[in-house]
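If you want the building blocks of each chain, they are given just below.
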Amino acid sequence: MSWAGKILRVNLTTGVCKSEPLNMQWAQAYIGSRGLAAKYLTTEVNPKVDPLSADNKIYFTTGPLTGTMASTGGRYTVSTKSPLTGAIACSNSGGYFGAELKMAGWDMIAVEGKSAKPVYLYINDDVAELRDAAHLWGKSVFETEGTLKKSLQDPLTRVCSVGKAGENHVLFAAVVNDLHRAAGRSGVGAVMGSKMLKAIAVRGTKGVGNIRDPKQFMKVTFEKKKILAENAVTGQGLPTYGTQVLMNVINEVGALPTRNHRNNQFEGAKDISAEAMATPRPTDGKKPLVTNQACFGCTIACGRIQTIDKDHFTVQNKPQYWGASGGLEYEAAWALGAANGVNDLDALQYANVLCNEEGIDPISFGVTVGAVMELYEMGVLTKEQLGIEAPFGSAKALAFFAEETINGRGFGKEIGQGSKRLTAKYGHPDLSMSSKGQEFPAYDGRGIQGIGLAYATSNRGGCHLRGYTIASEVLGIPVKTDPLEHEGKPELVKAFQDATAAFDSSGLCVFTTFAWGLADLAPQMQAACDEKFTTEELEKIGERIWNMEREFNNAAGFTHKDDTLPKRLLTEAATSGPTKGKVNELAKMLPKYYEVRGWDPEGRPTAKTRERLGL
């Protein structure tokens with residue numbers, strides 16, 4: 001079976017690293033990555049723990065298909081209790097780090113305690129040791145990765161680390177690997193930084209063995225790659241345009257949140273879209289987009305590599321930003337752009353590079369800036385407080401806030417606490433576009449009813465990747481549903497949430513689900529691991545994982561009252577386009593969602609549901 005069969009337990013307080021056998025009973029019940037880490041976390045961590053205390057733990061976890069020849073088998077997750085939301089956190093990342101960890105022979109790194117001084121974890125196959133990181137503390141992600149590769153004298157070493165944002169406990173700090181791939185959401189980087197763990201450097205030379213049926217695995221993965229290649233989204237749209245292909249699409253359906261959700265269409269969407277990235281700039285005649293890029297084992301290659309015009313105001317006299325770097329994904333382009341009314345593509349890319357460089361989530365950062373700009377326009381915040389004039393549409397304010405936030409300076413310290421805390425402090429909590437304290441991504445829940453329900457019920461707060469109903473409601477995958485209709489959406493959201501939990505736990509990328517269903521994942525899991533992983537079993541495991549995460553949150557103090565949306569989405573109608581006049585019908589959907597989940601009216605799994613799922 002394609003698990004490595006062991007985990008690395010790292011106690012930062014004592015400085016001891018030790019190998020433990022993987023709990024195979026848990027692996028069979030929760031697969032790996034997100035599900036397996038959730039089982040360890042919910043078993044070992046008190047739900048009431050202070051997320052930034054030594055008593056919290058953080059898990060870096062691969063899936064059974066991570067590091068294999070299955071397409072997109074480069075994923076790993078970072079799981080902990082979130083300092084941003086207080087809920088369970090699981091952030092997924094690609095690149096090469098996860099596959100390298102698996103090839104070193106580890107399914108998981110479980111990190112506990114807190115170091116008295118900055119350290120990094122060095123792993124070379126079976127060798128694992130904590131080393132001094134005083135020389136790395138205060139350095140960016142970019143500098144940290146470069147320094148470690150040079151000092152270790154092995155360019156194939158893979159590194160994940162935190163920047164100054166993680167060190168300074170920015171509540172939406174990310175863990176960044178391979179320079180610009182990130183476990184980006186929920187503040188997992190703040191937890192890593194709070195433990196004084198600057199980085200993990202791993203080199204694996206073992207490969208991934210133990211495939212149950214290698215010939216069958218080769219055959220079935222080849223067949224499934226063919227499906228990805230022939231699909232319009234995974235074979236054409238994502239490789240050519242990346243996730244940014246959605247900017248104009250979502251704007252046209254009237255569901256592109258603009259200026260802190262005041263509006264639902266952005267007149268500048270075309271200026272910050274995938275098409276704009278592929279068009280030569282009028283200033284220097286060069287296309288912003290240099291090339292696409294793939295993570296380990298990926299046949300889709302949705303990643304973007306992008307440049308900024310050297311004469312743009314953000315990078316004048318800053319040659320370190322003149323080269324090509326990780327480019328804009330749709331969510332980042334929206335959060336830095338439309339959410340703030342900014343249509344300057346180079347300014348967006350500058351802010352995006354800073355987010356990568358110092359490790360912060362561009363979604364939470366951008367949405368928080370949107371709240372700041374609205375408070376500024378209302379007169380609640382002033383130029384003197386902010387350090388700059390900050391109306392909607394100001395590219396200069398966006399760039400300034402990015403610099404202040406990553407460096408923990410001035411008003412950037414307040415932005416680094418996220419929109420929920422910031423808007424509450426200044427007397428307008430309804431202006432935080434978030435659920436459970438985590439900021440929404442790039443889809444308006446008024447114009448796409450299912451995604452609104454998905455935001456409200458997501459176990460990690462506002463999130464599109466926990467149940468991407470956009471696939472069905474906008475793109476017609478696997479079936480087309482009406483985005484303006486609330487009927488049937490509780491069932492749709494549950495189905496997407498459960499299936500996604502299974503895919504996340506396998507070690508594969510959720511983008512494969514544009515072309516695959518659980519019926520495509522099942523034969524890959526069966527050939528690699530065990531015949532028991534049928535489509536029906538994977539569906540049940542996904543549901544089991546979802547309910548386990550929910551129970552952790554309930555024990556942490558969350559209730560059905562937290563399954564909600566901001567007043568703006570529930571009472572202020574969309575202002576334009578096909579969705580004009582619509583609000584989100586959460587009150588009509590939520591009771592039915594609880595019913596199809598097998599929960600009581602208070603949003604708690606019933607005894608019957610718990611028994612059925614083996615919780």
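What counts and how
- Residues numbered from 1 in each chain as written.
- Predicted model: local features only at pLDDT ≥ 70, side-chain atom pairs only at ≥ 80, totals over all residues.
- Heavy atoms only, no water.
- Pairing = 2+ DSSP bridges.
- Helix = DSSP H or I, 4+ residues; strand = E, 2+ residues; numbered from the N terminus.
- Axes fitted to C-alpha atoms, helices over the stretch in contact; angles between N-to-C directions.
- Contact = heavy atoms within 4.5 Å.
- Salt bridge = Lys/Arg side-chain N within 4 Å of Asp/Glu carboxyl O.
- Buried < 20%, exposed > 50% of the residue type's maximum accessible area, 1.4 Å probe, protein only.
- Polar contact = N/O pair within 3.5 Å; in protein donor to acceptor, adjacent residues only side chain to side chain.
- Expected span 1.5 Å × (residues − 1).
- Core = buried A, V, L, I, M, F, W, Y, C linked by side-chain atoms within 4.5 Å.
- Disulfide = S-S within 2.5 Å.
- Patch = residues over 30% accessible without salt bridge, like charges linked within 9 Å, V, L, I, M, F, W, Y side chains within 5 Å.
- Areas by Shrake-Rupley, 256 points an atom, 1.4 Å probe, with all protein chains shown as cover.
- Lys, Arg positive; Asp, Glu negative; His and termini not counted.
- Charge placed at Lys NZ, Arg CZ, Asp CG, Glu CD.

Undergrad: Go over the sheet that holds strand β6 (residues 108-112), please, and point to the residues and values.
TA: Across the sheet, which stays open at both edges, the six strands sit in the order β2-β1-β6-β3-β4-β5 with mixed pairing between neighbours. Two strands lie at the open edges of the sheet, namely β2 (16-21) and β5 (88-93), each paired on one side alone. Neighbour-to-neighbour, the strand axes of the sheet open up by a mean angle of 20°, direction not taken into account. In this sheet, β6 lies alongside strand β1 (residues 6-11) in parallel orientation, the contact comprising five bridges. Opposite Leu8, over in β6, you have Ile109 as the bridge partner. Contacts from helix α2 (residues 33-44) reach β1, β2, β3 (58-62), β4 (76-81), β5 and β6, with the element oriented near 150° to β3.

Undergrad: So what about the pattern of salt bridges? Which residues, and what values?
TA: As enumerated under the stated definition, the model contains 48 salt bridges in all. Close ionic contact of Lys588 with Glu585 constitutes a salt bridge, the shortest N to O distance being 3.6 Å. Looking at Lys588, the relative accessible area reads 53%, which means it is exposed. Linked by salt bridges that have partners in common, Arg9, Glu20, Glu44, Lys57 and Glu112 make up one network.

Undergrad: Could you give me a rundown of the side chain of Glu100, with the residues and numbers involved?
TA: Along the chain, Glu100 turns up in helix α3 (residues 97-103). A relative accessible area of 8% places Glu100 in the buried class. Beyond its immediate stretch of four places on either side in the chain, Glu100 contacts Leu156, Arg158, Val202, Arg203 and Gly204.

Undergrad: Lay out the side chain of Ser419 with the relevant residues and their values.
TA: Residue placement: Ser419 occurs in helix α17 (residues 419-425). At 2.8 Å, the side chain of Ser419 and the side chain of Ser432 are in polar contact. Ser419 has contacts with Thr368, Ala371, Ser432, Met433, Ser434 and Glu439, leaving out every residue within four places of it along the chain.

Undergrad: Can you break down the sheet that holds strand β11 (residues 181-183) residue by residue, with the values?
TA: Taken together, six strands build an open sheet; the order of strands is β8-β7-β12-β9-β10-β11 and the sheet is mixed. Strand pairing shows two members of the sheet lacking a second neighbour, β8 (127-132) and β11, which therefore form its edges. Strand-to-strand twist of the sheet, defined as the mean angle between neighbouring strand axes without regard to direction, takes the value 20°. Summarising the sheet, strand β7 (residues 119-124) and β8 pair through six bridges and their orientation is antiparallel. The residue bridging Asn124 from the neighbouring strand is Val127, located in β8.

Undergrad: Could you give an account of helix α13 (residues 362-378), naming the residues involved and the relevant values?
TA: Over its 17 residues, α13 runs 24 Å from end to end, which matches the ideal 24 Å to within 8%, given 1.5 Å per residue. With 15 of its 17 residues buried, α13 lies for the most part within the structure. With a side-chain oxygen positioned 2.9 Å from the backbone nitrogen of Ile363, the residue opening α13 is Asp361.

Undergrad: Could you give an account of the nonpolar core, with specific residues and numbers?
TA: Among the nonpolar cores identified, the biggest contains 97 residues, and Trp334, Phe365, Phe401 and Tyr443 are the most heavily contacted of them. Apart from the residues lying within four places of it in its own chain, the contact partners of Phe401 are Phe365, Val369, Val372, Leu386, Ile388, Ala390 and Ile415. Trp26, Ile31, Ala38 and Ala515 belong to the second-largest nonpolar core, a separate cluster that totals 44 residues.

Undergrad: So what's going on with the state of the cysteines? Which residues, and what values?
TA: In total, this model carries zero disulfides according to the counting rule given. Between Cys160, a cysteine without a disulfide, and Cys17, which holds the nearest cysteine sulfur, the sulfur-to-sulfur distance is 14 Å. Cys90 supplies the cysteine sulfur nearest to Cys529, a cysteine that is in no disulfide, at a spacing of 18 Å.

Undergrad: Kindly report on a negative patch on the surface, identifying the contributing residues and their values.
TA: On the surface, Asp482, Glu485, Glu487 and Glu491 cluster together into a negatively charged patch. Looking at where Glu487 falls in the secondary structure, it is placed in the loop between α19 (470-473) and α20 (489-506).

Undergrad: Got a sec to walk through unusual backbone geometry? Specific residues and values, please.
TA: Among all residues save glycine, negative phi is the norm, and among peptide bonds the norm is trans. With omega at -5°, the peptide bond leading from Ile477 into Pro478 counts as cis. Mapped onto the fold, Pro478 is located in the loop between α19 and α20. Of note in the backbone geometry, His169 takes a positive phi value of approximately 60° without being a glycine. The residue His169 is located in the loop between α5 (164-167) and β10 (175-177) in this model. Overall, His169 belongs to the partly exposed group, its relative accessible area being 28%. One non-glycine residue, Asn260, adopts positive backbone phi at about 60°. By the element assignment, Asn260 lies in the loop between α9 (246-252) and α10 (274-277). A residue is classified by how much of its surface remains accessible, and Asn260, at 3% relative accessible area, is buried.

Undergrad: So what about the pairing of β4? Which residues, and what values?
TA: In terms of burial, β4 is largely enclosed, as six of its six residues are buried. Residue alternation in β4 divides its side chains into two sets, Tyr76, Val78 and Thr80 and Thr77, Ser79 and Lys81, and both sets are buried. Summarising the sheet, β3 and β4 pair through four bridges and their orientation is antiparallel. In the strand pairing of β4, Tyr59 is matched with Ser79. Alignment of β4 against β5, held across six bridges, turns out to be antiparallel. Across the sheet, Ser79 pairs through a bridge with Cys90, a residue of β5.

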